[in-house]
Amino acid sequence: MQRNPSQNMVYHDLGIKAAQSLVTIKPRTFIELGEQSLKATREFLSDQLAVKFARRLDLFETLPALMPYIDRGLLGSVRQDYLDWFQRIRDPAVAKEPDNFAATLDFLRHRHHDAVSRTVWGVREILRKNGERLRSGDSDVEAYAAEEQLQHFLTDLFKKYIRFELVMNHYLLARQSGDSTAILNKGSLRDTIGIALDNSTGLCRTRRGFSPNVDVQTSTPAVLTTPTPHFRRPIHYVTQELLKNALRATVESAKYSGNGQASYPSVRLECDATAEGGYMVRVTDRGDGINKEAMDKVWSFLYTTAEFPPDLTYETWKREPKLAGFGCGLPISRLYANFLGGDLTLESTEGKGTQATLTLPPLVIR
Ligand SMILES: Nc1ncnc2c1ncn2[C@@H]1O[C@H](COP(=O)(O)OP(=O)(O)OP(=O)(O)O)[C@@H](O)[C@H]1O
Ligand SMILES: [Mg+2]
């Protein structure tokens, strides 16, 4: 492909930024950023976002099995976006001017979220249309390698996404409120969990016509009600995904009595302080559970047992989200848990139900 001189400059700059390494963002990073001036955070973000976009463009090249299909469809449009964003963030007028930078960040924050979903959707589409060929390869080794590459690509995509989403929000919130720790929610866990509960039961009612009951329980009531600094987004996201899975499992395992009346056992949502000073969120259902073979797969991206109509388009799915079927809820949730230094585990007995437990250490600030 012939490039003009200005395109040559962009690609030269892209090469330089792609060769730079990304700073690993940890919970502590937000405290360190909070201690710096907003100008320093702006410079950090401006530099790191450029590296991220440049490396993301490179990463597409690490999916040889998908390469022949990338230029068409959603993945092609995502790749084009990364190139566009790279140029925006490298524009000196954006990097140096706070209002301009905040407006660009706000734009990127929304588009970034969409781009990540479009990437997953794009990969799914390619696999659906060409899956047998891609996943089977010519040999078992090739099939394994293609699957490994894909899981690695999606893990990396989401790992970086959840961190950068928080840093972008950090800058915008701190700028708006004048509070450099505004990214840490100072409310109670009850509020954060309450939003997840409302969203998931609301989604279940819209999609399945009703929602099973959810019992909220705690043996350490203070943990629910005492204002405590926490990252709202990760806890909210994980609780919501676990509840969605539990509600779906409960609905789909309905037991019918003699008169045709269905009964649905309640889902239990527990939130307790832990002996270590952190807390845990546990969701228990009495659905059909997960069998041993499926248990090995549930942490893989794109694994789902939900029906997904083959003619469903990305735009329709975005407007009318489903209770399940994207095949990303559990793996993303575990990435969020790990980011916070915690873990997410699943125990299940076929025919009896499932228990998912998120454990988080105390928020380590120093
Ligand atoms: N509580 C549960 N009971 C039974 N099966 C479950 C439960 N939680 C997860 N699973 C199984 O694990 C699969 C993967 O779950 P995951 O949340 O990652 O994806 P999903 O629910 O299919 O789609 P989405 O990304 O939209 O949530 C589910 O499709 C389901 O088969
Ligand atoms: Mg799910």
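Residues numbered from 1 in each chain as written. Chains lettered and ligands numbered in written order. Predicted model: local features only at pLDDT ≥ 70, side-chain atom pairs only at ≥ 80, totals over all residues. Heavy atoms only, no water.

Re the site of ligand 1
Step number 1: Taken together, 21 residues lie around ligand 1, and D285, T304, T305, C328 and L330 are the ones closest in.
Step number 2: For ligand 1, an oxygen atom lies 3.4 Å from a polar atom in the side chain of E241.
Step number 3: Summarising the interface, the protein chains cover 92% of the accessible area of ligand 1, which totals 600 Å² for the free molecule.
Step number 4: If you tally residues by element for the shell around ligand 1, the top one is helix α11 (residues 232-252), at five residues.
Step number 5: Taken together, the residues of the shell around ligand 1 break down into nine nonpolar, eight polar and four charged. (Near = heavy atom within 4 Å. Polar contact = N/O pair within 3.5 Å; in protein donor to acceptor, adjacent residues only side chain to side chain. Areas by Shrake-Rupley, 256 points an atom, 1.4 Å probe, with all protein chains shown as cover. Helix = DSSP H or I, 4+ residues; strand = E, 2+ residues; numbered from the N terminus. Nonpolar A, V, L, I, M, F, W, Y, C, P; charged D, E, K, R; others polar.)

Thoughts on the domain arrangement of the chain
Step number 1: Here the chain is described as being made up of domain 1 (5-177) and domain 2 (184-360).
Step number 2: Taking only C-alpha atoms into account, the centre of domain 1 sits 27 Å from that of domain 2.
Step number 3: Facing the 26 residues of domain 1 at the interface are 21 residues of domain 2.
Step number 4: Here domain 1 packs against domain 2, burying approximately 2,200 Å² in sum over the two surfaces, 74% of which is carbon and sulfur.
Step number 5: The largest contributions to the domain 1 side of the interface with domain 2 come from W121, R124 and I162, which together make up 30% of the buried area.
Step number 6: With a shortest N-O distance of 3.3 Å, D114 and K318 are connected by a salt bridge.
Step number 7: For the pair domain 1 and domain 2, the interface holds eight residue pairs in polar contact (both at pLDDT 80 or more).
Step number 8: Looking at the side of domain 1 that touches domain 2, the elements that each hand over two or more residues are α2 (27-35), α7 (98-136) and α8 (140-177). (Domains from an automatic or database assignment. Contact = heavy atoms within 4.5 Å. Buried area = accessible area lost by both parts, 1.4 Å probe. Salt bridge = Lys/Arg side-chain N within 4 Å of Asp/Glu carboxyl O.)

Regarding the state of the cysteines
Step number 1: Enumeration over the complete set of coordinates arrives at zero disulfides.
Step number 2: With no disulfide partner, C204 has as its closest neighbouring cysteine sulfur the one in C328, 20 Å distant.
Step number 3: A relative accessible area of 0% places C204 in the buried class. (Disulfide = S-S within 2.5 Å. Buried < 20%, exposed > 50% of the residue type's maximum accessible area, 1.4 Å probe, protein only.)

Some remarks on the nonpolar core
Step number 1: Formed by 101 residues in total, the largest nonpolar core has its most connected members in L45, L49 and F158.
Step number 2: Of the residues forming this core, the biggest block, 13 residues, is contributed by α8.
Step number 3: For this core, the domains that each give at least three residues are domain 1 (5-177) and domain 2 (184-360). (Core = buried A, V, L, I, M, F, W, Y, C linked by side-chain atoms within 4.5 Å.)

Some remarks on the sheet that holds strand β8 (residues 343-349)
Step number 1: On the basis of which strands lie adjacent, the open sheet formed by five strands has the order β2-β6-β7-β9-β8 and mixed pairing. On the outer flanks of this sheet lie β2 (214-217) and β8, each paired with one strand and no other. The average undirected angle you get between the axes of adjacent strands in this sheet is 15°.
Step number 2: In this structure, β2 lies alongside strand β6 (residues 267-273), joined through four bridges in parallel fashion. Bridge pairing in β6 links V214 to V267.
Step number 3: Across the face of the sheet, helix α9 (residues 189-208) comes into contact with β2, β6 and β7 (279-285) while running at roughly 165° to β6. (Pairing = 2+ DSSP bridges. Axes fitted to C-alpha atoms, helices over the stretch in contact; angles between N-to-C directions.)

Points about the side chain of E165
Step number 1: With respect to the secondary-structure elements, E165 resides in helix α8.
Step number 2: Side-chain polar atoms of E165 contact the side chain of R233, separated by 3.2 Å.
Step number 3: Excluding anything up to four places from it in sequence, E165 contacts R233 and Y336.

Some points on the packing of aromatic side chains
Step number 1: Going through the model one piece at a time under the given rule, you end up with 15 aromatic pairs.
Step number 2: Look at Y237 and Y336: their rings are 5.2 Å apart centre to centre, the planes differ by 50°, and that puts the pair in the tilted class. Remark: Y336 occurs in helix α14 (residues 329-339) and Y237 occurs in helix α11; sequence separation between them is 99 residues.
Step number 3: For Y336, a relative accessible area of 1% translates into the label buried.
Step number 4: For R88, the ring lying beneath its charged end belongs to F107, and the centroid distance is 4.1 Å. (Phe/Tyr/Trp six-rings, centres within 6.5 Å; stacked < 30°, edge-to-face > 60°. Lys NZ or Arg CZ within 6 Å of the ring centre and 35° of its normal.)

Observations concerning the pattern of salt bridges
Step number 1: What the rule picks out here adds up to 21 salt bridges.
Step number 2: Note that D81 is salt-bridged to R111, the shortest N-O span being 3.1 Å. One end of the pair, D81, is in helix α5 (residues 73-90); the other, R111, is in helix α7, with 30 residues separating them in the sequence.
Step number 3: In this structure D81 comes out as buried when scored by relative accessible area, which is 13%.
Step number 4: Judged by its relative accessible area of 28%, R111 is partly exposed.
Step number 5: Where R109 meets D106, a salt bridge forms, and the shortest distance between an N and an O atom there is 2.6 Å. Pair noted here: R109 and D106 are both in helix α7, with a separation of three residues, about one helical turn.

A closer look at the environment of D58
Step number 1: You can see D58 is positioned in helix α3 (residues 38-60).
Step number 2: Overall, D58 belongs to the partly exposed group, its relative accessible area being 42%.
Step number 3: With 21 residues separating them along the chain, D58 and R79 place their C-alpha atoms 9.8 Å apart.

Things to note about the packing of helix α1 (residues 5-19) against α5
Step number 1: Where α1 contacts α5, the axes come no closer than 11 Å and their chain directions differ by 90°. As judged from the angle between their axes, α1 and α5 are roughly perpendicular. When α1 is examined against α5, the residues V10, Y11, D13, L14 and K17 are found in contact with a partner set consisting of L83, F86, Q87 and R90.
Step number 2: Counted by class, the contact of α1 with α5 contains five nonpolar, one polar and three charged residues. (Parallel < 35°, antiparallel > 145°, perpendicular 65-115°, else oblique.)

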